[in-house]
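# Residue-level structural notes
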Amino acid sequence: MATMAQQKRGKNKEQPKHTFTWQGRDKSGNKSKGKIDAVDLATAKTLLRKQGVNPHKVMKERGSLLGGRSKAINSADIAYFIRQLATMLKSGVPLLQALEIVANGVEKDKLKKMIDDIRTEVNGGTNFAAALAHHPEYFDTLVCSLVQAGEQSGSLETMLDRIATYKEKVETLKKKIKKAMTYPIAVVVVGIVVSAILLVKVVPQFEVVFADFGADLPAFTKMVIELSEFAQEYWFLGLIAAALLIFAFARAKRHSKKFSNFLDRLVLRLPVFGDILQKASIARFTRTLATTFAAGVPLVEALGSAATAAGNVVYENAIMQIRNGVSTGQSLQNAVVMTGVFPVMTVQMIAIGEEAGSLDQMLDKVATFYEEDVDNAVDNLSSLMEPMIMAILGVLVGGLVIAMYLPIFQLGSVV
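Read on for a plain summary of the structure.

### Some remarks on the pairing of strand β1 (residues 18-25)
Relative to strand β2 (residues 31-38), β1 is paired through eight bridges, and the arrangement is antiparallel. Within β2, the position partnered with T21 by the bridge is K35. With six bridges joining them, β1 and strand β3 (residues 54-60) adopt antiparallel strand pairing. Directly across from R25, in β3, lies its bridge partner N54.

So, in structure tokens, the structure goes:
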């Protein structure tokens, strides 16, 4: 009998776990939802009750065809993790329990494992900031320093809330910049692909018809036919060359500091886009400096963190110049003026903040102003780009169509 019972327990241990999505209320009575791994539905409900959750709805999650649970961790995931943690700590949930709840609620396996590792370290006596520092690819020096300051001052939940707000604003700004850059590029690429298909598949059909006309074709039509013949013969080589060019560009940008710096300087000179990127860099600089300075980080150290967050080598070098100036006794206002890359409004707000003793508040206002400015600029750019993109597509596709129909229009004169 004992042997049979042991075998039964062994089979239970070997049962695979499934992921269940749940909705319910936490200890404070607030609505909450998430995910949890368990052997079966009953076990999932039991585990939730042990965590202080009163589950109302628990369902087994269906597997994703795209394998989304194994995706890499991105900056948006980190912002979400910190926001969830800050919310739970403010509600009075202990740090270890909060980490467990967040880990059970995330979708990505890699993120879940990272949170579990952090929880294990904290449970073993490591402070939270040091546990985060063991994952430098996700938590930079800025975040670790702010968390450490929050732990030492006994205001970890407040500091995490501030970090989460900072991360969320940075992510919103990044999305706006990506929208401004990718939308026109994507449409132009689609136009090129459509034109290539027309050259390779459609134009040859017209060429067979034109061969029976017995008359000279218009120069424009001849040029398109020659381009079509070239595309038919060398399309594969062109595809390989484009792939190699993209690969070489990405590799050079990633591994060559000189090339990356050259691109950073180049993009700031672009019409329209350059102005948006400049404002975005200023917004990131002032937002980071406001967050770190308000948290009690010394100004020189805060400037070092802000330089890394600027996102462009021109502003990174300028901020490091400001840092060197401040460390030698210069006022922040004079150090900013000496760089020559920051607008007058930014300098004036910094000067007011220094004189009034409210530098963090002034920097926060500057960051908000430029974030809204970038937001408006991207929206206006999208509105202006739509007719321009339609014109480009019209020239690419419409030009090919006109070239093919020109001989048909002249058919009457040939007869």
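### Regarding the packing of aromatic side chains
Applying the stated criterion across every chain yields a total of six aromatic pairs. Relative to F139, the ring of F81 has its centre 6.1 Å away and its plane inclined at 65°; by these criteria the two rings are edge-to-face. Of the two residues, F81 is situated in helix α3 (residues 75-90) and F139 in the loop between α6 (128-133) and α7 (141-153); the sequence distance between them amounts to 58 residues. Taking relative accessible area as the criterion, F139 reaches 3% and is therefore assigned buried. Their ring planes at 85° and their centres at 5.7 Å tell us that F249 and F259 sit as a pair that is edge-to-face.

### A look at the pattern of salt bridges
One pass over the structure, following the stated rule, counts eleven salt bridges. Its salt-bridge partner being K174, residue E171 comes within 3.8 Å of it at the nearest N-O pair. Within this pair, E171 and its partner K174 are both found in helix α8 (residues 156-210), separated by three residues, close to a single helical turn. Measuring nitrogen to oxygen at the nearest pair gives 3.0 Å for the salt bridge that ties D373 to K279. With a gap of 94 residues between them, D373 in helix α16 (residues 359-409) and K279 in helix α11 (residues 273-294) connect regions that are remote in the sequence. Classification of K279 by relative accessible area gives buried; the value is 17%. Taken together, the shared-partner salt bridges in this structure form one network comprising R83, K90, D161 and E168.

The rules we used
Residues numbered from 1 in each chain as written. Predicted model: local features only at pLDDT ≥ 70, side-chain atom pairs only at ≥ 80, totals over all residues. Heavy atoms only, no water. Pairing = 2+ DSSP bridges. Helix = DSSP H or I, 4+ residues; strand = E, 2+ residues; numbered from the N terminus. Phe/Tyr/Trp six-rings, centres within 6.5 Å; stacked < 30°, edge-to-face > 60°. Buried < 20%, exposed > 50% of the residue type's maximum accessible area, 1.4 Å probe, protein only. Salt bridge = Lys/Arg side-chain N within 4 Å of Asp/Glu carboxyl O.

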